[in-house]
Every structure is written in C-alpha cells, then in structure tokens.
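Examination of the molecular architecture
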Amino acid sequence: MTGSLVFLPLFIKATGTTIWLSWLALLIGAVGGFLIALLRTSRLWPLRVIALLYTEAFRSVPILIVLFFAYFGVPVMLGFDVSPFVAATFALALHASANMSEVVRAGIESVGRGQWEAALASGMRMREVMRHIVAPQALRVILPPSVGVYITVLKESSLASIIGYFELTRTGLLVRETQGGGFGPLLALAAIYFLLSYGISLCGAALERHYAIGGATTSTDAVVGGMA
Amino acid sequence: MNYTFTLRTVFPYLGGLVAAAEMTLTLSVLAILISLVIGAAVAVMRRSRLRVVRFAGAAYVEVMRNTPLLVTLYIVYFAAPAIGIRLSSFTAALLGLSLNAAGYMAEIIRAGLIAVPGGQFEAATAQGMTMGQMFRHIIFPQVFRTIYAPLGNQFIAVILASSLASAVAVEEVTSWMETVGANSFRFFETFVVAAVVYVVLCQTINLARLQIGRMLFRQPEARR
Amino acid sequence: MSDAPILELADVVKRFGSRTILDGISLSVAPREIVCIVGPSGTGKSTLLRCVNGLEDIQGGEIRFEQTRVEARAKSIKAVRMRIGMIFQQFNLYPHLTALQNVMLAPVVVHGEDRKIVEERARALFEKVRLSPRINAYPAQLSGGEQQRVAIARALAANPHLLMFDEATSALDPETVGDVLAVMRDLAVEGRTMLVVTHEIRFAADVGTRMVFMDQGKIVEDANPREMLAHPKTERARQFFSSIRG
Ligand SMILES: Nc1ncnc2c1ncn2[C@@H]1O[C@H](COP(=O)(O)OP(=O)(O)OP(=O)(O)O)[C@@H](O)[C@H]1O
Ligand SMILES: [Mg+2]
C-alpha cells in the first residue's frame, strides 16, 4: 500500500482539475440558467415556449451523447478542433443551465407580484426593489437547490474521462493501469468524490436550515432530479 | 462549413439502432426492478430499531448519491474479476446501475413509508392482522400511491443514466451513436437520431405514467 | 355479578424506559359491564387500553382476556385481537378503501369469512350506525363524526366480545359528537361489554355501569358513576371533576 502513496500528488492535482472543470461549468450554466429562467417567466409566449423546449430537451437526453457530439461531431461539422476540456465544459454547462433555469424560475416565482407592487408603491425604484426586496427572497429559494445542481455537475464531470480528459476519474483509471489492475485506485476515486460531494451537500443542508425561517424553500431533489 | 444534414446516411445502421434501443430499455427496466428491491430493503433498514442497521442504511444512500455512477460502474466492472467472478459487460452495467439507482429509490420509498400515519399500523395490528396481511392490504397500497409519481421520474433518470453503460462496452443507444458516428463521420445525424430515441422513450414513459395513474387512482381526494 | 370476568388485570406494570406509566393496575370487567375510565391527561389511560390488546407489552403483572393470557409477542395475541374491537381518537380508517371495504377487510382477510356473508353483515352495521347512504364514500369524503361511526362499524364487524373506545369523540367538531355518542349509547343498550376512555362525564354518568378514576398510573377510585361524581372519595378526584366541569 505504501507504493500507492507515490500517486498521491497525481490524485491531488487531478482533484484540482475536477473541481476547476465543475466550477467553470457551473458558473457558465448558472448564467445561462438565469437567462433561460427570464425567458421562462417572460410575458411573450414564444419566448416561454423556447425556454420550455430547451429545458425539457436537456432533461430527456443523456448528457453523454451531448458530450460525444461536442467532441466528435462539432469538429467534423464545423471544421475546427475541439479539445476534450472545451467539449466537457460545454456539455456540462448546457445540462447545468437547464437544471439551473428550473431552480431560478422557482426563485423568481416565489416572490409574489404583490411584493413588487407594494415596494414600487412605497416609492422605491426598480433597481432598489430588485436589490432590497426580490433578490434577498429569491436567493433564499435559489441557493439551497443550487448546491444540488453543483453536485450533479461534479459527478457528471467524471464523464469527461470517456473522451480522454485527464480529470479525477481518468487519472484513477491510469493509475490502475500502471499498477497492473486491481481496484484500489478506483476505491480511492470513489472516496475522493464522496468527500467532495458529501461535504458540499452538508453545506447545502446547513444553508437550507439557515434559510428555512419563514417562506417556502423548494426541495433540492424535486427540482434538480437525475442520477449521475 | 459545408456539412449538410442528410439523415439517409444513417439508414443502413437503423437495424442496429433497434437492437440498441431494446438494450437501453431492457437495461433500464431490469435496473428499476432490482433497485426497487434493494431500495425497499434499505428503506426498511432505515426504520430499524437497531442503530447500526439504521446507520448502514443511511450510509448506503449517501455513498450512492455522492459518488459518480461511472465510478460505480468501473468498480463493479473491474472488481468482479479481481475477486474471481466473471461478469459480462451487461451484467456489470446492470449491477452498477441498479446499486446506484437503489440509493435514490431507498429515499423515495422511505418518503412513502413516512407518509403512512402511525395509526394505520396500530389499527391493522389491533384488528389482528399479521405483518404480511398488514403490508399487503394497508401499507403497500398507500405507499405505492405516494411513490407512484417519483417512481416515474426515477424511471426516466435510469434511462438517461443507462447511457453510461456504453463506457463498459454495452451496446445500447449511446454506444450506437458513438460507433456509427465514428464509422460514417455523420455525427450530427447519429446525435439527432439518438436524442430522438431518448426523448421518445422518456416522453412515452411520462405519458404512460399519467394515463395509468388516472386509471389507478380514480377515487376523489376532496373532503365532503 | 355471578358471571366470570371477561377481562382481568392483576397488578399490571408498564414502563417506557425508566418511566413507570402503569403502576400496579388491577381491574376486573364482567360481561355487559360498561366501564368508563377517566383521569387527567398523561395518566396512562390510552396505554392501559393498548396493553389490553397487546399493542404494548407489559413489564409486570398479568392480563387475562377470556381465560387467555395477553402477551404482546405471543402467537396467541392474534386470537385476542380478533375478539376485541378498538376505536381510536383519530379514527385510523384506511384511506385507500371505501367505508364498506374498511368494514369488510378484517372479517374477510383475518377471520377468513365468506365475502358475501360479511357484506350482508356490513350493510346491516351501516344501518345501525346510520350511515347507509355513505357506504361507498372514501374516508377523505366523510366528516369526522361519519368517519368515527365507520370506525365503530369496522370494530363491530368482527363480532367482538369487548369494545374499547379511546377518546372516541375528542377529535370531533362539537356538532358531530352527539351522533357518535348516540351510537355508543345504542351499543350499551344492546348489552355490549365496553371499556370507554372518555372526557364526556355526562355520557359516563348516563351510560356507564362503573367509573374508574386514574391518576399517575394508578386506579384511585372505582365506583358507580353517579356516586363517584356526587361524592368523590379523594381530593384528587374532586379536583379533577371540578376542573373539567369548568
Ligand atoms: N411509546 C411511548 N414511549 C414513551 N412514552 C410514552 C409512549 N406512549 C405514551 N408515553 C407516555 O406515557 C404517559 C401516558 O400516556 P397515555 O397516552 O397513556 O396518557 P392518557 O392518559 O391517554 O392521556 P390523554 O388523556 O392525554 O390521552 C405519557 O406521559 C406519555 O408521554
Ligand atoms: Mg390518551
């Protein structure tokens, strides 16, 4: 077992790569999800339909085929090379944006129209209403399930290994090969993912408790769904 | 930039697609059934009087929900030979998928059990029912009703998750897309076709769930 | 009083962890007796009923029902439960079954009786509890009082030798309490043996043949209801009765 300690730096570096990939995809997905949520709650029905189709499509298609398409298909179609990193970020972000849009929508809808009217009537300007009334309430509803979205991205980032990107899972498989088989490195992988994910879900649970004072929070599982 | 979308190019591979779709469906249905059994056992463990048993149940759920399915699949796929068991790709994928799905299933069933008021167990016991009679006539019908909708969502989640079986060489829809795409260089077409297959599978289940639900639960909900 | 007792409790002790809830209860109930159990909240009245049909095990003493020793974990408990009907404060009807199905389930499934015969009897019972028009309703469609009358029909369907009521009217709206009490009165007139935990002192005085006052896990007084109400022997009983009369 002492022999495997040689690989420790490699695992640490790969963990860093996985965290970087998943956070980047989450951030892009959050921005995208926010925009789609605005479309979803728009007054124009064609925009609402487009947003609905977008989220529904990404929730009934496996992310792995999106990943394959981004990595193998786009270069053939458009004639430029796509690195595994770019393909993975793109696919993860697309899926995250669909999940995130549902979370944000729930947040926006949780703030009733009456609140807007009351605040505007009290002489606040739009920006002030957004900042002091809507944002704090919506955030309370959005933040806890966002943790669930992140955990999904984190676990899904393991799929990048399939197209050859050297994140955590790929590294574990490589270490396994250099050791000539066995499944110790795979268990190490599982343990690292578990610590990352479970640690974050504990933070999420704490957030949920923190924000649970008055007002409804949506359940993480109900909004995010999916296995990864 | 002069790529033209021509579905005809993938026509020769459609025979393979049917087999692949069957594989996806078989894998998913079996995984749902197996995970239902494991999940029920874990959910019951979480209500045990013994702390160790409760902890083991909770640990199972957390481990499965916090590790990537792909890693679970690799562990099953590579670990079985290491301890002297030969598993086919299909069996390994089915086992990994079921074990992972059982983590989610256990939570669904647990929520269903929690929704049955304690008085139901008491009333049935007071009427002299055995455990088996109580389960069959009182508990199961009520639990089934609450878990019916989440069960449908879980079915869809498993279908999508079954795409990862391609990583351990199971020839289902995703691996069809990958191989046909690589052979024909028609990745756009294969992507669209595969996506349509998944969307159709998922939406069929959705519709079937609504329809069957309407037939099963016709009794009205309102009080007076 | 020459009849052999149907139910006998001798020095029954019930503990939850280190807390003693029933502290040496002795009670003997003869056929056709209507024993009303009263006392402050948390005294162990519900626990007492639950021990009688083995929903709870006991730590000391002995309970005998029609010569069978009641042991919560023994095989014989099933036969005991089949001969005791229990009515709960929260009704506990099975929500996925209609009123009729609720009443028929145990006779068919537990007693193995013929479905046709059971249905006939069930319909007669709905007549008795004055609910014939609501026979095919689901519990969620019934008022509290109606649900409790279905629960009574359900208990009667097994032809029990003893009926136990645990605050059967406490969860009801005031206007439906009367309907349920009327049904209970009918049962008393029929000569059923009943063990009734209740806060309805008027009912206990009118219908009860005996009143048992419990406090802190002990039977403090056991007498004719009117007599106990008029002349409580202990200070605790006096205080209790004056407090619930308001
Ligand atoms: N399962 C249990 N575990 C621990 N304590 C219990 C349990 N069930 C009842 N108790 C305790 O036993 C005591 C007696 O409860 P019980 O329900 O028998 O009282 P009661 O006389 O029926 O009161 P009430 O009039 O409020 O219904 C209470 O202090 C209660 O907290
Ligand atoms: Mg009580």
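**Thoughts on the arrangement of the chains**
Contacts are most numerous between chains A and B, considering all 2 pairs of chains that are in contact. Across the gap from chain A to chain C, with no contact made, the nearest C-alpha atoms are 25 Å apart.

**Overview of the interface of chain B and chain A**
The interface of chain B with chain A comprises 42 residues on the first partner and 38 residues on the second. Summed over both sides, the interface of chain B with chain A buries roughly 3,500 Å², with 78% coming from carbon and sulfur. One can count 0 salt bridges joining chain B with chain A. Between chain B and chain A we count 4 residue pairs in polar contact (both at pLDDT 80 or more) in total. Elements with a contribution of two residues or more to the side of chain B that touches chain A: helix 2 (51-65), helix 3 (69-82), helix 4 (89-114), helix 6 (131-161), helix 7 (173-184) and helix 8 (187-216) of chain B. Broken down by element, the residue count for the side of chain B that touches chain A peaks at 9 residues, all from helix 8 of chain B. Broken down by class, the residue content of the side of chain B that touches chain A amounts to 31 nonpolar, 8 polar and 3 charged.

**Section: the interface of chain B and chain C**
On the chain C side, the residues contacting the 23 residues of chain B number 26 residues. Summing the contributions of chain B and of chain C, the shared interface buries around 2,200 Å²; its carbon and sulfur component is 53%. Linking chain B with chain C are 1 salt bridge, by the criterion used here. The partner of C:Arg50 in a salt bridge is B:Glu122, and the shortest N-O contact between them spans 2.5 Å. Between the two partners, chain B and chain C, sit 7 residue pairs in polar contact (both at pLDDT 80 or more). At the level of secondary structure, the elements contributing two or more residues to the side of chain B that touches chain C comprise helix 5 (118-126) and helix 6 of chain B. By residue number, the principal contributor to the side of chain B that touches chain C is helix 5 of chain B, which donates 7 residues. Of the residues belonging to the side of chain B that touches chain C, the class tally is 8 nonpolar, 10 polar and 5 charged.

**Focus: the confidence of the model for chain A**
All names here are of chain A. In this model, chain A carries an average pLDDT of 87, and 93% of its residues clear a pLDDT of 70 or more. Per-element confidence in chain A is highest for helix 1 (residues 8-40), whose mean pLDDT is 94, and lowest for helix 9 (residues 220-224), whose mean pLDDT is 45. Throughout residues 215-223 the model reports pLDDT below 50, and contacts reaching past four residues in sequence, or to other chains, amount to 20 contacts.

**Description of the sheet that holds strand 10 (residues 218-223) of chain C**
Residue and element names in this part refer to chain C. If you trace the 6 strands from one edge of the open sheet to the other, you get 6-7-8-3-9-10, paired in mixed fashion. For this open sheet the edge positions go to strand 6 (84-87) and strand 10, each flanked by a neighbour on one side alone. Taken over all neighbouring pairs, the strand axes of this sheet differ in orientation by 15 degrees on average, direction set aside. Two strands pair when backbone bridges link them, and strand 9 (residues 210-215) and strand 10 are joined in this way by 5 bridges, in the antiparallel orientation. If you follow Met214 over to strand 10, its bridge partner there is Ile219. Contacting strand 3 (34-38), strand 7 (162-166) and strand 8 (194-197), helix 6 (residues 174-190) runs over the sheet at an angle of about 150 degrees to strand 8.

**A word on the site of ligand 1**
Residues and elements named next belong to chain C. As a matter of local geometry, ligand 1 sits amid Phe16, Arg19, Ile21, Ser41, Gly42, Thr43, Gly44, Lys45, Ser46, Thr47 and Glu167. One nitrogen or oxygen atom from the main chain of Gly44 is found 3.0 Å from an oxygen atom belonging to ligand 1. Contact between ligand 1 and Lys45: an oxygen atom at 2.9 Å from a main-chain N or O atom of the residue. Compared with its free state, where it exposes 640 Å², ligand 1 has 62% of that area covered by protein. Only strand 2 (19-29) and helix 1 (45-52) provide two or more residues apiece to the shell around ligand 1. Among the elements that line the shell around ligand 1, the one with the most residues is helix 1, at 3 residues. For the shell around ligand 1, the class distribution of residues is 2 nonpolar, 6 polar and 3 charged.

**Thoughts on helix 1 of chain C**
Note: α-helices contain 3.6 residues per turn, so residues at a spacing of three or four share the same orientation. Residue and element names in this part refer to chain C. With 7 of 8 residues buried, helix 1 is to be regarded as a mostly interior element. Of all the residues in helix 1, the buried ones are Lys45, Thr47, Leu48, Leu49, Arg50, Cys51 and Val52. Positive backbone phi, approximately 75 degrees, marks Gly54, located one or two places after helix 1.

**Regarding the packing of aromatic side chains**
The geometry of an aromatic ring pair comes down to the distance between the two centres and the angle between the two planes. For the coordinates displayed, the defined rule picks out 21 aromatic pairs over all chains. For the ring pair C:Phe213 and C:Phe240, a centre distance of 5.4 Å and an interplane angle of 45 degrees mean the geometry is tilted. On the criterion of sequence distance, the pair formed by C:Phe213 in strand 9 and C:Phe240 in helix 9 (residues 235-245) is long-range, its members being 27 residues apart. A relative accessible area of 8% places C:Phe240 in the buried class. Through pairs of rings, three or more aromatic residues link up here, namely B:Phe135, B:Phe140, B:Phe144, B:Tyr148 and B:Phe217. Sitting over the face of the ring of C:Phe16, C:Lys14 holds its NZ or CZ atom 4.6 Å from the ring centroid.

**Notes on the pairing of strand 1 (residues 7-16) of chain C**
Residue and element names in this part refer to chain C. With 8 bridges joining them, strand 1 and strand 2 adopt antiparallel strand pairing. The residue of strand 2 that forms the bridge with Val13 is Asp23. Across 5 bridges, the pairing between strand 1 and strand 4 (residues 60-65) is antiparallel. Looking at strand 4, one finds that Leu7 is bridged to Phe65.

**Focus: the pattern of salt bridges**
For side chains bearing opposite charge, pairing can occur when the charged atoms are close. Inspection of the entire model under this criterion finds 29 salt bridges over all chains. Linking C:Arg130 and C:Asp186 is a salt bridge whose minimum nitrogen-to-oxygen distance equals 2.8 Å. In this pair, C:Arg130 is assigned in the loop between helix 4 (115-128) and helix 5 (144-156) and C:Asp186 in helix 6, connecting sequence segments 56 residues apart. In this structure C:Asp186 comes out as partly exposed when scored by relative accessible area, which is 30%. Salt bridges here are not isolated pairs; linked through shared partners, they connect B:Glu122, C:Lys14, C:Arg50, C:Glu56, C:Asp57 and C:Arg73.

**Side note on the sheet that holds strand 2 of chain C**
Hydrogen bonding along the main chain pairs the strands of a sheet, whether they run parallel or antiparallel. Residue and element names in this part refer to chain C. If you trace the 4 strands from one edge of the open sheet to the other, you get 2-1-4-5, paired in antiparallel fashion. Where the open sheet ends on each side, the last strands, each with one partner, are strand 2 and strand 5 (68-69). Inspection of the sheet shows strand 4 paired to strand 5 by 2 bridges, in the antiparallel sense. By the bridge assignment for strand 5, Arg64 is matched with Arg69. Most of the contacts of helix 1 go to strand 1, to which it runs at about 115 degrees, and overall it touches strand 1, strand 2 and strand 4.

**Structural notes on the nonpolar core**
Grouped together as the largest cluster of nonpolar side chains are 149 residues, with contacts concentrated most on C:Leu7, C:Leu9, C:Ile37 and C:Leu195. The biggest single contributor to this core is helix 6 of chain B, with 12 residues. Not counting chain neighbours up to four residues away, the residues in contact with C:Leu7 comprise C:Leu27, C:Ser28, C:Val29, C:Val52, C:Ile63, C:Arg64, C:Phe65, C:Leu162 and C:Leu195.

Parameters and conventions
- Residues numbered from 1 in each chain as written.
- Chains lettered and ligands numbered in written order.
- Predicted model: local features only at pLDDT ≥ 70, side-chain atom pairs only at ≥ 80, totals over all residues.
- Heavy atoms only, no water.
- Contact = heavy atoms within 4.5 Å.
- Buried area = accessible area lost by both parts, 1.4 Å probe.
- Salt bridge = Lys/Arg side-chain N within 4 Å of Asp/Glu carboxyl O.
- Polar contact = N/O pair within 3.5 Å; in protein donor to acceptor, adjacent residues only side chain to side chain.
- Helix = DSSP H or I, 4+ residues; strand = E, 2+ residues; numbered from the N terminus.
- Nonpolar A, V, L, I, M, F, W, Y, C, P; charged D, E, K, R; others polar.
- pLDDT = per-residue confidence, 0-100.
- Pairing = 2+ DSSP bridges.
- Axes fitted to C-alpha atoms, helices over the stretch in contact; angles between N-to-C directions.
- Near = heavy atom within 4 Å.
- Areas by Shrake-Rupley, 256 points an atom, 1.4 Å probe, with all protein chains shown as cover.
- Buried < 20%, exposed > 50% of the residue type's maximum accessible area, 1.4 Å probe, protein only.
- Phe/Tyr/Trp six-rings, centres within 6.5 Å; stacked < 30°, edge-to-face > 60°.
- Lys NZ or Arg CZ within 6 Å of the ring centre and 35° of its normal.
- Core = buried A, V, L, I, M, F, W, Y, C linked by side-chain atoms within 4.5 Å.

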